[in-house]
Amino acid sequence: MFATLSDRINAAVSSLRGRGRLSDADIAASIAEIRRALLDADVALPVVRDFTATVRERATEAEVSKALNPAQQIVKIVHEELTRILGGATREISFAKRPPTVIMLAGLQGAGKTTLAGKLGKWLKDAGHTPLLVASDLQRPNAVQQLEIVGKGAGVAVFSPEPGNGVGDPVAVARRGVAHAREQFYDVVVVDTAGRLGIDAELMQQAADIRDAVNPDETLFVIDAMIGQDAVTTANAFAEGVGFTGVVLSKLDGDARGGAALSVSSVTGKPVMFASTGEKVGDFERFHADRMASRILD
Ligand code: GDP
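Throughout, a residue's number is its position along its own chain's written sequence, starting from 1. Residue-level local features of this predicted model are given only where pLDDT is at least 70; pairs of side-chain atoms are given and counted only at 80 or more, and the full residue set underlies all totals for whole chains, interfaces and linings. In computing side-chain properties, one takes all heavy atoms of the structure into account and sets aside hydrogens as well as water.

### Points about the nonpolar core
Okay, so step 1: Core analysis: the largest hydrophobic core is formed by 72 residues, its most contacted members being L5, I9, V78 and F238.
Okay, so step 2: Here this core takes 7 residues from helix α5 (residues 70–85), the largest share from any one element.
Okay, so step 3: Dropping the residues within four chain positions of it, I9 is found in contact with I34, A37, L38, V78, I296 and L297.
Okay, so step 4: In these notes, a set of buried Ala, Val, Leu, Ile, Met, Phe, Trp, Tyr and Cys residues joined through side-chain atoms within 4.5 Å is what counts as a nonpolar core. Accessible area is worked out with a 1.4 Å probe on protein chains only. A residue is then buried under 20% of its type maximum, exposed over 50%, and partly exposed in between. Membership of the second largest hydrophobic core comes to 22 residues, among which are L105, L147, V188 and V222. In DSSP terms, a helix is any run of H or I states spanning at least four residues, a strand is any run of E spanning at least two, and both are numbered starting from the N terminus. Contacts are assigned to residue pairs with any non-hydrogen atoms lying within 4.5 Å of each other.

### Examining the site of the ligand
Okay, so step 1: In this text, near means that some heavy atom of the residue lies within 4 Å of the molecule or strand in question. Around the ligand, a shell composed of 17 residues is seen, among which G110, T114, T115, D253 and E279 lie nearest.
Okay, so step 2: Distance and chemistry together define a polar contact, namely a pair of N or O atoms within 3.5 Å, with one atom able to donate a hydrogen and the other to accept it when in protein, and with adjacent residues in sequence counting only for side-chain atoms on both sides. Backbone polar atom of G112 to an oxygen atom of the ligand: 2.9 Å apart, as the coordinates give it.
Okay, so step 3: A distance of 2.7 Å separates an oxygen atom of the ligand from a polar atom in the side chain of T114.
Okay, so step 4: Computed on the free molecule, the ligand has an accessible area of 580 Å², of which 81% lies beneath the protein chains in the complex.
Okay, so step 5: The element best represented in the shell around the ligand is helix α6 (residues 113–126), accounting for 4 residues. Accessibility throughout is a Shrake-Rupley quantity obtained with a 1.4 Å probe, and a residue counts as covered only by protein chains that appear here.

### Some thoughts on the sheet that holds strand β8 (residues 284–286)
Okay, so step 1: By definition, two strands form a pair when at least two bridges between them are found by DSSP. The strand order across the open sheet built from 8 strands is β3-β2-β4-β1-β5-β6-β7-β8, with neighbouring strands paired in mixed fashion. Taken across any chain shown, the strands that pair with only one partner, and hence form the sheet edges, are β3 (157–159) and β8. Ignoring strand direction, the axes of neighbouring strands in this sheet form an average angle of 25°.
Okay, so step 2: With 3 bridges joining them, strand β2 (residues 131–136) and β3 adopt parallel strand pairing. The residue of β3 that forms the bridge with V134 is F159.
Okay, so step 3: For helices, the fitted axis covers only the stretch in contact; all axes are lines through C-alpha atoms, and the angles between them, taken along N-to-C directions, range from 0 to 180 degrees. Here helix α9 (residues 201–214) sits on the sheet in contact with β1 (101–106), β2 and β4 (188–193), set at roughly 180° to β1.

### What about the UniProt feature "domain: SRP54-type proteins GTP-binding" (unreviewed entry) in the protein chain?
Okay, so step 1: UniProt positions are given in the numbering used here, feature names are shortened, and annotations may be inferred rather than shown by experiment. Here the UniProt-annotated "domain: SRP54-type proteins GTP-binding" (unreviewed entry) positions come out as residues 271–284.
Okay, so step 2: Along residues 271–284, the helical share is 0% and the strand share 43%, with 16 Å between the first and last C-alpha atoms.

### A few points about the environment of V75
Okay, so step 1: Tracing the chain through its elements places V75 in helix α5.
Okay, so step 2: Ignoring sequence-local partners within four residues, the contact set of V75 consists of V13, R17 and L297.

### Let's talk about the packing of aromatic side chains
Okay, so step 1: Each aromatic pair joins two rings of Phe, Tyr and Trp (for Trp, the six-membered one) with centres within 6.5 Å, and gets the label stacked for planes under 30 degrees apart, edge-to-face for over 60, and tilted for any other angle. Scanning the entire structure with this criterion turns up 5 aromatic pairs.
Okay, so step 2: Seen in terms of ring centroids, W123 and F284 are 6.3 Å apart; in terms of plane orientation they differ by 75°. Their pairing is edge-to-face. Placement of the pair is W123 in helix α6 and F284 in strand β8, with a sequence separation of 161 residues.
Okay, so step 3: W123 gets classed as partly exposed once you look at its relative accessible area, which sits at 27%.
Okay, so step 4: An aromatic cluster of at least three residues, connected via ring pairs, comprises W123, F274 and F284.
Okay, so step 5: As a reminder, the over-ring test applies to NZ of lysine and CZ of arginine, requiring each to be within 6 Å of the ring centre and within 35 degrees of the ring normal. The ring of F274 carries R286 above its face, with NZ or CZ at 5.0 Å from the centroid.

### A closer look at unusual backbone geometry
Outside of glycine, negative phi angles account for most residues, and trans bonds account for most peptide bonds.
Okay, so step 1: The linkage connecting P99 with the following residue, P100, adopts the cis geometry, with an omega of 5°.
Okay, so step 2: The topology assignment puts P100 in the loop between α5 and β1.
Okay, so step 3: Backbone geometry places D42, a non-glycine residue, at a positive phi of 80°.
Okay, so step 4: Under the relative-accessibility criterion, D42 is labelled buried at 7%.
Okay, so step 5: One non-glycine residue, N215, adopts positive backbone phi at about 45°.
Okay, so step 6: Among the secondary structure elements, N215 is positioned in the loop between α9 and β5 (218–224).

### Brief notes about the side chain of T193
Okay, so step 1: Looking at the secondary structure, you find T193 in strand β4.
Okay, so step 2: Overall, the relative accessible area of 1% leaves T193 in the buried class.
Okay, so step 3: Separated by 2.6 Å, the side chain of T193 and the backbone oxygen of L105 make a polar contact.
Okay, so step 4: With near-sequence residues (within four places) excluded, T193 lies in contact with M104, L105, A106, K113, S136, D137 and I210.

### Describing the pattern of salt bridges
Okay, so step 1: By definition here, a salt bridge exists when the distance from a side-chain nitrogen of Lys or Arg to a carboxyl oxygen of Asp or Glu is within 4 Å. A full pass over the atoms with the stated rule returns 15 salt bridges.
Okay, so step 2: Salt-bridge contacts for E33 lead to R36; the nearest nitrogen and oxygen are separated by 3.2 Å. You can see E33 and its partner R36 sitting in helix α2 (residues 24–40), 3 residues apart, about one turn around the helix.
Okay, so step 3: By relative accessible area, which is 22% here, E33 ends up partly exposed.
Okay, so step 4: On the basis of relative accessible area, R36 is assigned to the partly exposed category, the value being 45%.

Right, dumping it as structure tokens:
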């Protein structure tokens, strides 16, 4: 996804390689090119400003000009600052002291929540947990059936609305799902919720009602990395309307510019915890900001 961004940043820093001392003008030209590359990749302006100001400040400090290899020193600074804007150190899921741990998924329709529920369920199962997926997306036709298929593929149990389970009421389904997990000794509950194509007040209210009903230990905001500039607006709307503890970047296998998704952590102050990289249940990984920075600066 970040091939062009990566090529351009690498070109900007490699133009410094092989030089002895670097002049301030050399450094400024490289930083200006990195800035353009980030903006062209749709990284949000305030994030780019913060990034370039910090790199510039650090690069003009004595550490660089006195270093034996100033270009390498700049690459190191760019790597550290990219890691910082991508959320810094990886954060682990915070499991409840008394199970079940409740993980709620929030995001727009099509963001990849239902797919993620299966991936997360399998990942948890492989780590020795006994997860239960709860189908609280009653908005989209077939979302419940889709979660059941996803659960079957992942070998993970699914709690669906049935007569008596609160058909038509996603808040009741979520609440009953968590109660069911407690009774049946599932130790992690992943609650899939409905999304709309755009942000709307009713969607936010429903997600907030589910949050209040199940009191999640983690709320993961799932964002399609392909949606471009809208990523930041959407993230801010969910941060305000529902609140979340972590971000999942989905569709990182796409070929869109993706930079807006890279801004989400910096803009909301919440770490990216996972990345989805395809439609299959195994196309899923922990997100490590430093590794992503290394991939970009390869
Ligand atoms: P939801 O509405 O948020 O539950 O989104 P879905 O989980 O139904 O995903 C919407 C579409 O995106 C489906 O066709 C998924 O197969 C697809 N999808 C989900 N995650 C990924 C991903 O990481 N990569 C790709 N290429 N497609 C994905």
